[in-house]
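For reference, the chains in residue letters:
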Amino acid sequence: MARTIAKDHDHKRAQILKSAAKVFAEEGFDRASMTKLAGECGISKANIYHYYDSKDAILYDILDSYLSDLRDRIFAVNTEGLSPEDRLRRVIREILRAYKGADHEHQVQISALSALPEEQQDQMRAYQRDMVKLMGSCLHDAAPEVFEAEPDKLRGVTMSVYGMLNWYFMWNSDAEAQERDDYADLVCDLTLKGVRGI
């Protein structure tokens, strides 16, 4: 007879993912064990196997849920009626706001994505490419005179923007919304003034 699924099954899975992200980020994916993950979650080793059959499956779910949710949130930003520069500013702000509370997941993305099988890595990179493409579109529209004259520059600038955003957690992980918005504006201003040579 098949085991019934508990009413709080999805909630417990989400708790496992959050706790596991902390362990993977702090100790490294390779050094983490299912015993350690269960302890961090406050459940038995046998119980964690009820939800996941391996730490590899947990890693996949951490990255898939984090990156797909991040992509969907950024793409859902309402930029209707905004100028191209304000659209860029709005998207950068939303990325930094989305990073709040996800420092461990973000670190796991940086350090452990390569531990996934190639097919799963490709899926994660597809989410990343979607976000890079959106940022590139925003940058192009905000400074078309630059990127139409030098189209090869767009990718480098796009990745530089993500570089400034992706390491924000290293020195200001506890920043509130206004601090994040201020930093987003700084990134936007530095980028546009830099490419325009102002």
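Residues numbered from 1 in each chain as written. Predicted model: local features only at pLDDT ≥ 70, side-chain atom pairs only at ≥ 80, totals over all residues. Heavy atoms only, no water.

### Remarks on the environment of Leu59
One can find Leu59 in helix H4 (residues 55-75). Using a relative accessible area of 0% as the deciding quantity, one classes Leu59 as buried. In this structure, the C-alpha to C-alpha distance between Leu59 and Ala115, residues 56 residues apart in sequence, is 8.6 Å. (Helix = DSSP H or I, 4+ residues; strand = E, 2+ residues; numbered from the N terminus. Buried < 20%, exposed > 50% of the residue type's maximum accessible area, 1.4 Å probe, protein only.)

### So, the pattern of salt bridges
The full count for this structure, using the stated rule, is 21 salt bridges. A salt bridge links Asp130 to Arg71, with the shortest nitrogen-to-oxygen separation between them at 3.3 Å. With Asp130 in helix H7 (residues 118-142) and Arg71 in helix H4, this pair connects stretches of sequence that are 59 residues apart. Across the salt bridge formed by Asp141 and Arg87, the nearest N and O atoms sit 3.2 Å from each other. (Salt bridge = Lys/Arg side-chain N within 4 Å of Asp/Glu carboxyl O.)

### Thoughts on the UniProt feature "domain: HTH tetR-type" (unreviewed entry) in the protein chain
Sequence positions flagged by UniProt for "domain: HTH tetR-type" (unreviewed entry) are, in local numbering, residues 10-70. Taken end to end, residues 10-70 comprises 80% helix and 0% strand; its first and last C-alpha atoms sit 19 Å apart. (UniProt positions renumbered as here; feature names shortened; annotations may be inferred.)

### Details of helix H6 (residues 103-112)
Along H6, the residues classified as buried are Asp103, Glu105, His106, Val108, Gln109 and Ala112. Those residues of H6 that are buried lie in contact with helix H1 (9-27), H4, helix H5 (84-99), H7, helix H9 (153-166) and helix H10 (168-172). (Contact = heavy atoms within 4.5 Å.)

### Description of the UniProt feature "DNA-binding region" (unreviewed entry) in the protein chain
In this structure's numbering, the residues bearing the UniProt feature "DNA-binding region" (unreviewed entry) are residues 33-52. Within the segment residues 33-52, helix and strand shares are 75% and 0% respectively, and the terminal C-alpha atoms sit 13 Å apart.

### Section: the nonpolar core
Within the largest apolar cluster, 60 residues are counted, with the highest numbers of intra-cluster contacts made by Phe24, Ile58, Leu88, Ile92, Met135 and Leu165. Once you skip the residues sitting within four places of it in the chain, Ile58 turns out to touch Ile16, Leu17, Ala20, Phe24, Met34, Leu37, Ile48 and Tyr52. (Core = buried A, V, L, I, M, F, W, Y, C linked by side-chain atoms within 4.5 Å.)

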